[in-house]
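Spelled out from the first residue to the last, the chains are:
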Amino acid sequence: MTTTTINLNVNGKSVETTIEPRELLIHVLRDRLDITGPHIGCETSHCGACTVDIDGRSVKACTLFAVQAQGSEITTIEGLGDPDKLHVLQEQFKEHHGLQCGFCTPGMITRAHRLLQENPNPSEEDVRFGIAGNLCRCTGYQNIVKAVLAAAREINGATDKDATRETAA
Amino acid sequence: MIPGTFEYHQPDSVQAAVALLDELGDDARVLAGGHSLIPMMKLRLAMPEHLIDLRRIDDLKFIRIESGVVHVGAMTTQHELINHAELAQQVPIIRETSLQIGDPQIRYQGTIGGNVANGDPGNDMPGLMQCLDATFTLLGPDGERKVAAREFYEAAYFTARDDLEILTSISFAVSPGGYAYEKQKRKIGDYATAAAAVLLRKAGDGVACSFASIAMTNLADTPIHCEAASQLLQDQGVNDASIEAAVASCIASIEPVDDNRGPVDFKKHAAAQITRRAIKSAWSRT
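Residues numbered from 1 in each chain as written. Chains lettered and ligands numbered in written order. Predicted model: local features only at pLDDT ≥ 70, side-chain atom pairs only at ≥ 80, totals over all residues. Heavy atoms only, no water.

> Explain the overall build of chain B here, please?
Broken down by element type, chain B carries 12 helices and 14 strands. Taken over C-alpha atoms, the radius of gyration comes to 19 Å for chain B, in line with the 19 Å a tight globule of 286 residues would show. Projecting the C-alpha coordinates of chain B onto the three principal axes gives extents of approximately 60 × 45 × 35 Å. Here chain B, with 286 residues, has 58% of them falling under the buried criterion. Here the contacts in chain B between residues at least 6 apart in sequence split such that 62% fall between residues at least 24 apart. Of the roughly 11,600 Å² that chain B leaves accessible, carbon and sulfur atoms contribute 47%. The averaged location of the 37 negative side-chain charges in chain B is 9 Å from the averaged location of its 26 positive side-chain charges. (Helix = DSSP H or I, 4+ residues; strand = E, 2+ residues; numbered from the N terminus. Rg over C-alpha atoms; globule rule 2.2 N^0.38 Å. Buried < 20%, exposed > 50% of the residue type's maximum accessible area, 1.4 Å probe, protein only. Contact = heavy atoms within 4.5 Å. Areas by Shrake-Rupley, 256 points an atom, 1.4 Å probe, with all protein chains shown as cover. Lys, Arg positive; Asp, Glu negative; His and termini not counted. Charge placed at Lys NZ, Arg CZ, Asp CG, Glu CD.)

> Explanation requested: the domain arrangement of chain B in the structure shown.
Size of an interface, as often reported, equals the accessible area lost when the parts are brought together. All names here are of chain B. You can read the domains of chain B as domain 1 (7-51), domain 2 (61-173) and domain 3 (178-284). For domain 1 and domain 2, the distance between their C-alpha centres works out to 19 Å. Across the boundary between the two partners, domain 1 contributes 12 residues, which contact 15 residues of domain 2. Here domain 1 and domain 2 share 0 salt bridges between them. Linking domain 1 with domain 2 are 1 residue pair in polar contact (both at pLDDT 80 or more), by the criterion used here. Here the side of domain 1 that touches domain 2 takes 5 residues from helix H1 (residues 14-24), the largest share from any one element. Class assignment for the residues of the side of domain 1 that touches domain 2 results in 6 nonpolar, 4 polar and 2 charged. (Domains from an automatic or database assignment. Salt bridge = Lys/Arg side-chain N within 4 Å of Asp/Glu carboxyl O. Polar contact = N/O pair within 3.5 Å; in protein donor to acceptor, adjacent residues only side chain to side chain. Nonpolar A, V, L, I, M, F, W, Y, C, P; charged D, E, K, R; others polar.)

> Looking at this model, I keep getting lost on the environment of Asn239 of chain B. Mind explaining?
All names here are of chain B. As for its position among the elements, Asn239 is in the loop between helix H10 (227-236) and helix H11 (240-253). Residues Asn239 and Glu255 lie 16 residues apart in sequence; the distance between their C-alpha atoms is 26 Å. There is a polar contact of 2.7 Å between the side chain of Asn239 and the backbone nitrogen of Ser242.

> What exactly am I supposed to notice about the sheet that holds strand S3 (residues 51-54) of chain A here?
Sheets are built from strands that pair by backbone hydrogen bonding, the pairs being arranged parallel or antiparallel. Residue and element names in this part refer to chain A. Taking strand neighbours across the sheet as the criterion, the 5 strands line up as S2-S1-S5-S3-S4 in an open arrangement whose pairing is mixed. Single-partner strands in this sheet number two, and they are strand S2 (13-19) and strand S4 (57-60). Taking the axes of each pair of neighbouring strands and ignoring which way they run, one obtains an average angle of 40 degrees across the sheet. The pairing of strand S1 (residues 4-10) with S2 spans 7 bridges and is antiparallel. Bridge pairing in S2 places Ile6 opposite Thr17. Taken strand by strand, helix H4 (residues 105-118) contacts S3, S4 and strand S5 (73-75), and its axis lies near 35 degrees from that of S3. (Pairing = 2+ DSSP bridges. Axes fitted to C-alpha atoms, helices over the stretch in contact; angles between N-to-C directions.)

> Would you mind showing me how to read the domain arrangement of chain A here?
All names here are of chain A. By domain assignment, chain A separates into domain 1 (4-77) and domain 2 (81-164). Here the C-alpha centroids of domain 1 and domain 2 sit 22 Å apart. Contacts between the two partners involve 18 residues from domain 1 and, on the opposite side, 14 residues from domain 2. One can count 1 salt bridge joining domain 1 with domain 2. At the boundary of domain 1 with domain 2, the tally comes to 7 residue pairs in polar contact (both at pLDDT 80 or more).

> Just checking my understanding: could you explain the interface of chain A and chain B for this structure?
Each side of the interface is counted separately: chain A has 33 residues, and chain B has 31 residues. Interface area lost by chain A to chain B is led by Arg22, Phe65 and Gln68 of chain A, which between them contribute 25%. On the surface where chain A and chain B come into contact, there are 1 salt bridge. In this structure, Lys60 of chain A and Asp103 of chain B form a salt bridge, with 2.5 Å as the shortest nitrogen-oxygen distance. When contributions to the side of chain A that touches chain B are tallied by element, the ones reaching two or more residues are S4, H4 and helix H5 (124-130) of chain A. Per-element tally for the side of chain A that touches chain B: the top contributor is S4 of chain A, with 4 residues. Residue composition of the side of chain A that touches chain B, grouped by class: 11 nonpolar, 14 polar and 8 charged. (Buried area = accessible area lost by both parts, 1.4 Å probe.)

> Any chance you could explain the sheet that holds strand S10 (residues 166-173) of chain B here in plain terms?
Residues and elements named next belong to chain B. Within the open sheet, the 5 strands sit side by side as S4-S5-S10-S6-S7. Their pairing is antiparallel. What marks the edges here is a single partner per strand, and that holds for strand S4 (63-66) and strand S7 (143-148). Here the strands of the sheet are splayed against their neighbours by 20 degrees on average, with no regard to which way each runs. Looking at chain direction, strand S5 (residues 69-73) and S10 are connected through 5 bridges and run antiparallel. The partner of Gly73 across the bridge, within S10, is Ser169. Taken strand by strand, H1 contacts strand S6 (135-140) and S10, and its axis lies near 130 degrees from that of S10.

> In this structure, what is going on with H10 of chain B? I would like to understand it.
All names here are of chain B. Among the residues making up H10, those that are buried are Ala229, Ser230, Leu232 and Leu233. Along the long axis of H10, the arc covered by the buried residues comes to 160 degrees, so they all point the same way. Exposed residues pointing more than 90 degrees away from the buried face of H10 are listed as Glu227, Ala228 and Asp235. Taken together, the buried residues of H10 touch strand S12 (194-202), strand S13 (209-217), strand S14 (224-225), H11 and helix H12 (264-284). Remark: Gly237 follows H10 within two positions and exhibits a positive phi of approximately 75 degrees. (Arc of directions from axis to C-beta.)

> Teacher, can you tell me more about the pattern of salt bridges here?
Think of it this way: side chains of opposite charge can pair up when their charged atoms draw near. All names here are of chain B. For the structure shown, the criterion picks out 17 salt bridges over all chains. Linking Arg145 and Glu165 is a salt bridge whose minimum nitrogen-to-oxygen distance equals 2.7 Å. Remark: Glu165 occurs in the loop between strand S9 (158-159) and S10 and Arg145 occurs in strand S7; sequence separation between them is 20 residues. By relative accessible area, which is 34% here, Arg145 ends up partly exposed. The class of Glu165 is buried, set by a relative accessible area of 8%. Through salt bridges that share partners, Arg186, Asp190 and Arg261 make up one connected network.

> Explain the confidence of the model for chain A to me, please; I cannot follow it from the model alone.
Predicted coordinates in areas of low pLDDT are best not read in detail. Summary statistics for chain A give a mean pLDDT of 93 and a share of 93% for residues scoring 70 or more. This stretch, residues 161-169 of chain A, has a pLDDT under 50; its non-local contacts, to residues over four places away or in other chains, come to 13 contacts. (pLDDT = per-residue confidence, 0-100.)

Shown next as structure tokens:
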């Protein structure tokens, strides 16, 4: 069995780990590095629960071998906020009841974070199209979309009372 | 779902990748964006002993537009195609198509080279490349050769690419005029139930059609370039009667099969709808 040692920067911390090439990034994050925020949902590239940010791209960590991420900067939900200091997206998911069962939330927020980096002022349609790779099986997209739009407004310095862009009831 | 064991190779030049492939032969597979091969490996429907990952080969990542011809490196991602301003202006049908492939995460990883080389009838780029009359460049142990997209696809997953060749780049002329990529799918991320790529140009008189090209996706074992329908629109212009005749010609050239996207009759119905819509949309944009 051939193993290889890879170096990653995960949530601002340099880590080194020895793996088999066939290990998927999601398994290395969860089982070897104890980073359990990214979830294993479908394992078939559909659901997006395993979404992490790699060098500024949203990636489904179940569809990338960890060895391919050698040298990359990876951000997971753990790198966005923590219980004492929530990220604005986490705050707004809480505020708008965007979590529901919570299983898809880490992937949703990690993806939404990248979306807002690329498009800081999205329309509702932009948000829906931008998180289309993340499934919520509680099927409660309404509150997720509201939360992302509210986070965008907050990042842009407006208060939630200025909810002019929010078109959905 | 853990793939079988393999050795991982990450060459830093296309020449090194071709040499590796030549050395390892049938035991090796080339990996582009990985969104077709990795799922197959997880299911162990593919069990290569060696994986040759092209992701570090910078020479395969480029978009150049020179003298009216677009050259795209095989490892250019859908995300990069979508966000290339000059490409979006010169060949807007690329962006329109790429935005309908997979979902955002898949578009960051999925490449144009993987999409066209895999030979999956469900992929969107092969039909589009036939519509654009693109040329694929292949590099193998015996050197480089070029194959027209319209000659490349032989059957599902069978193409003119030799096992020891790597598809390195794609070229096509810029396409002024109207365009449309219409895709009927069950949900975001799905392959097409039916899709059509259409390019149309208006003649100098503002009425006649000086150029037409129509190609269809996932309605046969290979993409279908609808040559007769394209000629028909050029001969008769674009009007209600010629559109219906062109649509009928397209439907006569496809061979859809029953599957979980629907029975044959439904697929022909969907194909007719999206082709009609694509022609009208493309003409309205001329």
